[in-house]
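Structural characterization, general
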Amino acid sequence: MSGKMQSVAVAGGGIVAWSAAAALRRRLPMLDVVVISSTPPPNALADRCANTLPSIVEFHADLGLSDEDTIIRAQSGMRLGTRFIGWSEGVEDYVHAYGSYGAAVGGIPFNQLWLREGQPSAYDCYSLSAELGRLVRFAGGGSAEAQIGYGLRLTIDRYHELMRAYALHLGATEHPGEVVDVELREDGFVDAARLSDGAQVQADLFVDCAGPEAAIRSRVDDAFELWSKWLLCDRVDTKAGGEESLLDEVVAKPSGWSSTYARAY
Amino acid sequence: MGEREKVNVVVVGGGTAGWMAAAALAKLLPTRCTVTLVESEAIGIGGVGEATLPHIRDFNERLGINEAEFMAATRATFKLGIEFRDWARKGDSYIHPFGAFGRGQGEVDFHHYWSRLREAGAPVAPIGQYSMAVTMAYANRFSLPDPDPMKVESTFNYAYQFDATLFAPFLRSVAERLGAKRIEGRIVDIELDGASGDVAALKLESGDRIAGDLFIDCSGFVSLVIGKTLNEPFEDWSKWLPCDRAVAMPCRTETALTPYTSATAMDAGWRWRIPLQHRTGNGYVYSSSFISDDDARSAIVAAVEGDPIAEPRVLKFTAGRRARSWVRNCVSVGLASGFLEPLESTSIYLIQAAISALVELFPEKQISPIDRDEFNRMIDLEYDRIRDFLILHYHATERSDTAFWDYVRTMSVPDSLQEKIDLFRRRGRIVKYREGVFLDASWVAVYTGQRIVPEGHDYRADLPAMDAIVSGAEKLRQEILAKTRNMPDHRAHIERYCPMADAA
């Protein structure tokens, strides 16, 4: 084996890049991590979409970030799931909730019991998260029988500040600039990223978090698996607004869907 | 859905597979099916003393079987793992334990820290000394696992070693109590429905005709329904698993009653040793391409530790499985569906996996191909994973002292196994499963036991200071030793907990 990996360059300046940098420094502090930071482009939705899944709670725990940091100081809200409105005929809405639905009895999964009983109520009626979400109430934890799951609704600017500060605190460094080109080695691996100001950043490993243009990754090869025959939507129109809520609403529309990403509650 | 008509299930054959299936269906789906089992006393049970995996405890629990009663009835002993001797090199030995290495709680698996110590040349013991199950096994001690997950005495699991010829009758009484019906008789013909080609009925020597909706083929190697009648092809795996015979010979137990099964490599295969309460089972699994039956017989006679209790008996088999285990209205369970040598005690596990999948996907009278295909996917996955795990034992060797070992050492292995080996060798990574048997610790045990040493480790294991890992590992080793010393001797525990009735 050749020598160990020593340096990592993370391209992108949004929450994606700073989360990656923080995680790398937290778990693999022997690495030098530099973030080549720039403002995320408008189509970098992962840097702009404030809704996250319950997995983010574990991610924070792994990073050593507390609820005080990620919820109170970063002004995040809870989200218990998503309410889909108008997606199937005859069903006004349903909630895709986090956490458990019903409880198994004697090893028989709950969904089987629900089917056996002839679906007495909509499936989401058996989810504590869904019910709390509809009532706009929240309680942590739940019980063994009814477990709550929640993701966070981020206040992007605050969360970005938190993740950047934390990554820097853990020893990541920042190099402001936009990647305009890359230098490839003879074997096709990336040797260095060239920035708009003419500077070059060399590293053993490059992590491209710079959005769909993929300034680094796309130079290695341009292979892309197109899934648009199944997922037809290819435009998004965003507006500010939204009310405080624990559920996000996703409303089916004639040519796609619209969502009100509720403000952090 | 309303009232559905009960499915009439006919179980073909009354060995371990047949009675396990009958008991499980009668217990778990009493409103969905009736169970009739056809067996002939003239045909013996194929089993030769059985070593099991911990999963059997779930099966027994679901059937409401009392552990001590079951152990007494089958003259069972406890099993903490399997000892492998002479596999990678003559003189080597290791235990594949039922349980974790380390405390099994860290984010990074213990073996990564262990690898780091090895790479650095720091003081480190063989990995088995950091396993509660391995340490207990070598000390011949046993007590039940502690339910408190914070204690190191909770980090092991256990199975049983029992007499298979007693297990089937034990289950028969359970199944009959639950309402399964038994018919004594020899099957002389199988009647297919002219229009559909499905199995319609069994015809017995007595002239009786046993009709049914769903037939569970538990006829053993004969594979009476799925093989002989429905002609489902058999996928032959003998190029990877060349052993095709076993010669079995029970003997009196002369040495310690070990809470583990032993598998010792031999010139043309391997030999099992399974200690039961009243005797020790022995057998030599070998390849007839590399040794004659006579030489294999002499080898087992020479190897056993005590006076033989019976004459050596030869069994023939081929490694592989039916292309599909469920065809039309016939579900094959156990040896009728396939065979993998008992190196990792998987025979009963595979029976159990098939029964569980059948219970979960139990059909209506009109069988849906969607249920059938999902069943076959699940069962194929089980077989194929175990196949790879077994091949690993043979292939991960440095032995070339006999033609047999030279063959298995140099044979090409399935890609699915080669990828797993490469991944471990590279940096100790185990391919993750979400379902199925043999999880991380099992693979770690066999890789490290057979000299496949990782060249690196998970970088996250570099975080703690070296001396903290050295002292932490040593503290753990000492704690495991101390807790083991406090446990009762295996035989003493059995005599208190589940002694067999005096043998007739």
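Residues numbered from 1 in each chain as written. Chains lettered and ligands numbered in written order. Predicted model: local features only at pLDDT ≥ 70, side-chain atom pairs only at ≥ 80, totals over all residues. Heavy atoms only, no water.

**With respect to the nonpolar core**
By size, the foremost hydrophobic cluster in this structure holds 145 residues, and its most contacted members are Leu25, Leu392 and Tyr394 of chain B. When near neighbours in sequence (up to four residues on either side) are disregarded, Leu392 of chain B contacts Leu417, Ile421, Trp443, Val446, Tyr447, Gln450 and Ile452 of chain B. Listed in part, the 40 residues of the second largest apolar core include Ile15, Leu80, Ala97 and Tyr166 of chain A. (Core = buried A, V, L, I, M, F, W, Y, C linked by side-chain atoms within 4.5 Å. Buried < 20%, exposed > 50% of the residue type's maximum accessible area, 1.4 Å probe, protein only. Contact = heavy atoms within 4.5 Å.)

**Some words on the sheet that holds strand S16 (residues 269–275) of chain B**
Residue and element names in this part refer to chain B. Strand order across the open sheet formed by 7 strands is S6-S5-S15-S16-S17-S14-S18, with mixed pairing between neighbours. At either margin of the open sheet sits one strand with a lone partner, and together these are strand S6 (93–97) and strand S18 (313–316). Neighbour-to-neighbour, the strand axes of this sheet turn through a mean angle of 20 degrees, independent of strand direction. Alignment of strand S14 (residues 245–248) against strand S17 (residues 280–286), held across 4 bridges, turns out to be antiparallel. (Pairing = 2+ DSSP bridges. Helix = DSSP H or I, 4+ residues; strand = E, 2+ residues; numbered from the N terminus. Axes fitted to C-alpha atoms, helices over the stretch in contact; angles between N-to-C directions.)

**A closer look at the packing of aromatic side chains**
Residues and elements named next belong to chain A. Considering all chains together, one arrives at 38 aromatic pairs over all chains under this definition. Judged by centre distance (5.1 Å) and plane angle (55 degrees), the ring pair of Phe110 and Tyr126 falls under tilted. Remark: Tyr126 occurs in the loop between helix H5 (110–116) and helix H6 (128–135) and Phe110 occurs in helix H5; sequence separation between them is 16 residues. On the basis of relative accessible area, Tyr126 is assigned to the partly exposed category, the value being 27%. Relative to Tyr123, the ring of Trp114 has its centre 4.7 Å away and its plane inclined at 55 degrees; by these criteria the two rings are tilted. (Phe/Tyr/Trp six-rings, centres within 6.5 Å; stacked < 30°, edge-to-face > 60°.)

**Remarks on the packing of helix H1 (residues 16–28) of chain B against helix H6 (residues 164–177) of chain B**
Each pair of packed helices can be summarised by the angle the axes make with each other and by the distance between the axes. Residue and element names in this part refer to chain B. Running from N to C, H1 and H6 point in directions that differ by 25 degrees, and their axes come no closer than 8 Å. By the angle between their axes, H1 is roughly parallel relative to H6. The element H1 and its partner H6 pack so that their crossing is left-handed. Where H1 approaches H6, its residues Thr16, Trp19, Met20, Ala22, Ala23 and Ala26 are matched on the opposing element by Ala164, Phe167, Ala168, Leu171, Arg172, Val174, Ala175 and Glu176. A class-by-class count of the residues in the contact of H1 with H6 yields 11 nonpolar, 1 polar and 2 charged. (Parallel < 35°, antiparallel > 145°, perpendicular 65-115°, else oblique. Left-handed = near helix turned anticlockwise from the far one by under 90°. Nonpolar A, V, L, I, M, F, W, Y, C, P; charged D, E, K, R; others polar.)

**Let's talk about the sheet that holds strand S19 (residues 320–322) of chain B**
Residue and element names in this part refer to chain B. The sheet built from 3 strands is open, its strands ordered S13-S19-S22 with antiparallel pairing. Because the sheet does not close on itself, it has two edges, and the strands there are strand S13 (234–236) and strand S22 (338–339). Relative to S22, S19 is paired through 2 bridges, and the arrangement is antiparallel. Bridge pairing links Arg321 to Gly338 in S22. Contacting S19 and S22, helix H10 (residues 369–395) runs over the sheet at an angle of about 170 degrees to S19.

**Comments concerning a nonpolar patch on the surface**
Among the surface-exposed residues, Trp87, Val91, Tyr94 and Trp257 of chain A lie close enough to one another that they form a single nonpolar patch of about 400 Å² accessible area. Summarising the element assignment, Tyr94 of chain A is placed in strand S5 (residues 91–97). (Patch = residues over 30% accessible without salt bridge, like charges linked within 9 Å, V, L, I, M, F, W, Y side chains within 5 Å. Areas by Shrake-Rupley, 256 points an atom, 1.4 Å probe, with all protein chains shown as cover. Salt bridge = Lys/Arg side-chain N within 4 Å of Asp/Glu carboxyl O.)

**Comments concerning the pattern of salt bridges**
Throughout the structure, instances matching the rule amount to 52 salt bridges over all chains. Between Arg185 of chain A and Asp187 of chain A there is a salt bridge, and its shortest N-O distance comes to 2.7 Å. Note on Arg185 of chain A: relative accessible area 37%, which makes it partly exposed. A relative accessible area of 46% places Asp187 of chain A in the partly exposed class. Two residues, Arg85 of chain B and Glu83 of chain B, come together in a salt bridge whose shortest N-O distance is 3.1 Å. With a relative accessible area of 39%, Arg85 of chain B lands in the partly exposed category. Assessed through its relative accessible area of 2%, Glu83 of chain B is described here as buried. A single network of salt bridges, built from pairs that share partners, joins Arg27 and Asp62 of chain A together with Glu107, Asp458 and Arg460 of chain B.

**What about the interface of chain B and chain A?**
If you look at the interface, chain B gives 8 residues, while chain A gives 9 residues. A buried area of about 810 Å², summed over both sides, lies between chain B and chain A, and 64% of it is on carbon and sulfur atoms. Between Asp462 of chain B and Lys4 of chain A there is a salt bridge; the shortest N-O distance is 3.3 Å. For the interface between chain B and chain A, the tally reads 2 residue pairs in polar contact (both at pLDDT 80 or more). Grouping the amino acids of the side of chain B that touches chain A by side-chain chemistry returns 2 nonpolar, 1 polar and 5 charged. (Buried area = accessible area lost by both parts, 1.4 Å probe. Polar contact = N/O pair within 3.5 Å; in protein donor to acceptor, adjacent residues only side chain to side chain.)

**A short note on H6 of chain A**
All names here are of chain A. Listed in full, the buried residues belonging to H6 are Ser129, Ala130, Leu132 and Gly133. Seen from one end, H6 has its buried residues packed into an arc of 165 degrees, which puts them on one side. On the buried face of H6, the contacting elements are S5 and strand S12 (247–253). Two or three places before Ser129, at the opening of H6, Ser127 has a side-chain oxygen 3.3 Å from that residue's backbone nitrogen. Val136 sits one or two residues past H6 and shows a positive phi near 55 degrees. (Arc of directions from axis to C-beta.)

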